[in-house]
Amino acid sequence: MSDTNKTSEIASKLTTELQNLTDELAIKKVTLKYWGEMKKAVSDGNFARCRTVLRKAIQAAFPDKNEAIPGYYFTKAGKGQVERFEHLALWYATASEERWEVVGDDARNQHFTGFSPSLETATEVKQETITEENTVTEVTANIPTETKPEITTELTLESMKIEALQLDADTQQKVQDALSHSGLSLSEFIQKACTIYATTLTGKAKQFDSDLSEVETQELLSAKYKTHPGRAREMVKRAIQAIKIHNSEIVSETGDRWHINQTAIQSLTGSKPQTVKEILTDYQDDIDSHNANYELTPYLNRKADKRKIEDVIDVAVLVPNGIE
């Protein structure tokens, strides 16, 4: 089963369990339970895509509201900064683990502004007002008149301190070292980091959608495609075909044939074990049919003369091009 299918199943269980829940702590507990289940179930390379699948499932089950209702929180984050109320599960379904400790509307206001009013004097925190991109203004606490100061917190990209990023100590030190080496200001560094990360993600998305069936096997095995997200699947298909050609057309003795399994495919493709395992599930019927037809068992791959499958079968020679 693919990672996205696994995530869809997990999302279905999550949204079912969230039905009729309105208490924030209860929503948090359920959401983080299935968030952790998803992280364990999917590969690191697919995590971002699976996270999006999970969040979209939550949004589909619990659409945004135009007015406050139990189980929802106010936000204007995201594209267009549209004011709306989102389900609380979306607050906790995030890789930003520091948000998991931010519970309640007051705490969320403070989280976004970096302002923490005194517990002895503060009785109410007004909703933050976002007046322009990268600027959060006007957060005022209701404090008794005799002690109430003029409080206006303005946070811009230029005035931001590194502490506002809430990085762990190791990452913060790395950023500080990078700033020292580059001579960039923090705002310039953040802008460049956003540009580079956005370019990387969109580039990978385009790669994922690209068709590798027209790429020659020899080129697919080169360093050029080593990190391409579609390489593993394309190479698995070709490796399976190469073993089938070898078993049916190149040799005639059972002892010279090779059982098609995860280990054999890993050896021929160089792909990660978990990745190969997941992809093979889509071709298992064809593999089982071939192995049964030639009465092949995993034991056959342990050749007496210590031959290794990668030394015998050259995928680039047997399957030089893609498979339709």
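Residues numbered from 1 in each chain as written. Predicted model: local features only at pLDDT ≥ 70, side-chain atom pairs only at ≥ 80, totals over all residues. Heavy atoms only, no water.

Here's the deal with the overall build of the protein chain
When its secondary structure is counted, the protein chain shows 14 helices and four strands. As displayed, the protein chain offers around 19,600 Å² of accessible surface, 50% of which is attributable to carbon and sulfur atoms. (Helix = DSSP H or I, 4+ residues; strand = E, 2+ residues; numbered from the N terminus. Areas by Shrake-Rupley, 256 points an atom, 1.4 Å probe, with all protein chains shown as cover.)

Thoughts on the packing of helix α1 (residues 3-18) against helix α3 (residues 47-61)
Where α1 meets α3, the closest approach of the two axes is 9 Å, and the angle between their N-to-C directions is 35°. When the axes of α1 and α3 are compared, the crossing they make is right-handed. The residues of α3 that touch α1, namely those facing D3, T4, T7, S8, A11, L14 and T15, are R49, C50, V53, L54, A57, I58 and A61. Of the residues in the contact of α1 with α3, the class split is eight nonpolar, four polar and two charged. (Axes fitted to C-alpha atoms, helices over the stretch in contact; angles between N-to-C directions. Left-handed = near helix turned anticlockwise from the far one by under 90°. Contact = heavy atoms within 4.5 Å. Nonpolar A, V, L, I, M, F, W, Y, C, P; charged D, E, K, R; others polar.)

Comments concerning the pattern of salt bridges
Scanning all chains against the criterion turns up 18 salt bridges. A salt bridge links E24 to R108; the shortest N-O distance between them is 2.8 Å. With E24 in helix α2 (residues 24-41) and R108 in helix α5 (residues 105-113), the pair connects residues that are 84 residues apart, well separated along the chain. The burial state of E24 is the same as that of R108; both residues are buried. Three or more residues are tied together by salt bridges with common partners; here these are D3, K6 and E278. (Salt bridge = Lys/Arg side-chain N within 4 Å of Asp/Glu carboxyl O. Buried < 20%, exposed > 50% of the residue type's maximum accessible area, 1.4 Å probe, protein only.)

So, the confidence of the model for the protein chain
For the protein chain, per-residue confidence averages 82 on the pLDDT scale, and 82% of positions sit at 70 or higher. With pLDDT under 50 throughout, residues 115-148 is counted as low confidence; its partners more than four residues away or in other chains account for 65 contacts. (pLDDT = per-residue confidence, 0-100.)

Observations regarding α3
Working note: α-helix, 3.6 residues per turn, so residues spaced by three or four point in the same direction. The end-to-end C-alpha separation of α3 is 21 Å, in line with the 21 Å expected for 15 residues at 1.5 Å each. Looking at α3, one finds that the buried residues are F47, C50, L54 and I58. Along α3, the residues classed as buried sweep out an arc of 80° about the axis, all on the same side. Facing away from the buried side of α3 by more than 90 degrees, the exposed set consists of K56 and A60. Close packing links the buried residues of α3 with α1, α2 and α4 (88-92). (Expected span 1.5 Å × (residues − 1). Arc of directions from axis to C-beta.)

What to know about the environment of K6
Mapped onto the secondary structure, K6 falls in helix α1. Separated by 35 residues in the primary sequence, K6 and A41 place their C-alpha atoms 7.2 Å from one another. In this view, K6 contacts M1, A41, Q274 and E278; residues no more than four positions away in its chain are not counted.

Structural notes on unusual backbone geometry
In this structure, Q166 is a non-glycine residue whose phi angle is positive, near 55°. Following the sequence through the fold, Q166 ends up in the loop between β4 (135-137) and α6 (169-182). Judged by its relative accessible area of 41%, Q166 falls in the partly exposed class. We note that K306 has phi near 65°; this positive angle belongs to a residue other than glycine.

Section: the packing of aromatic side chains
Summed over all chains, the structure comprises three aromatic pairs. Relative to F47, the ring of W35 lies with its centre 5.7 Å away and its plane at 85°, an arrangement referred to as edge-to-face. Of this pair, W35 sits in helix α2 while F47 sits in helix α3, and the two are twelve residues apart along the sequence. You can call F47 buried: its relative accessible area is 17%. Ring geometry for Y73 against W91: centres 5.5 Å apart, planes inclined by 70°, an arrangement best described as edge-to-face. A residue pair is termed long-range when its members are at least 10 positions apart, and Y73 in strand β1 (residues 72-75) and W91 in helix α4 qualify at 18 residues. Look at W91 and you get buried, because its relative accessible area is 0%. For R99, the ring lying beneath its charged end belongs to W91, and the centroid distance is 3.9 Å. (Phe/Tyr/Trp six-rings, centres within 6.5 Å; stacked < 30°, edge-to-face > 60°. Lys NZ or Arg CZ within 6 Å of the ring centre and 35° of its normal.)

Some remarks on the packing of α2 against α3
Running from N to C, α2 and α3 point in directions that differ by 150°, and their axes come no closer than 10 Å. In the packing of α2 onto α3, the handedness of the crossing is right-handed. Residue-level contacts link W35, M38 and K39 of α2 to F47, C50, R51 and L54 of α3. Partitioning the contact of α2 with α3 into residue classes produces five nonpolar, no polar and two charged.

Quick word on the nonpolar core
Nonpolar side chains in soluble globular proteins tend to end up buried together. Among the nonpolar cores identified, the biggest contains 27 residues, and L14, L18, W35, M38, L54 and I58 are the most heavily contacted of them. Counting only elements with at least two residues in this core, the list comes to α1, α2, α3, β1 and α4. Beyond its immediate sequence surroundings of up to four residues, W35 is in contact with F47, R51, L54, A93, T94, A95 and W100. Core analysis: the next-biggest nonpolar cluster, separate from the first, contains 25 residues, L212, A239, W258 and I260 among them. (Core = buried A, V, L, I, M, F, W, Y, C linked by side-chain atoms within 4.5 Å.)

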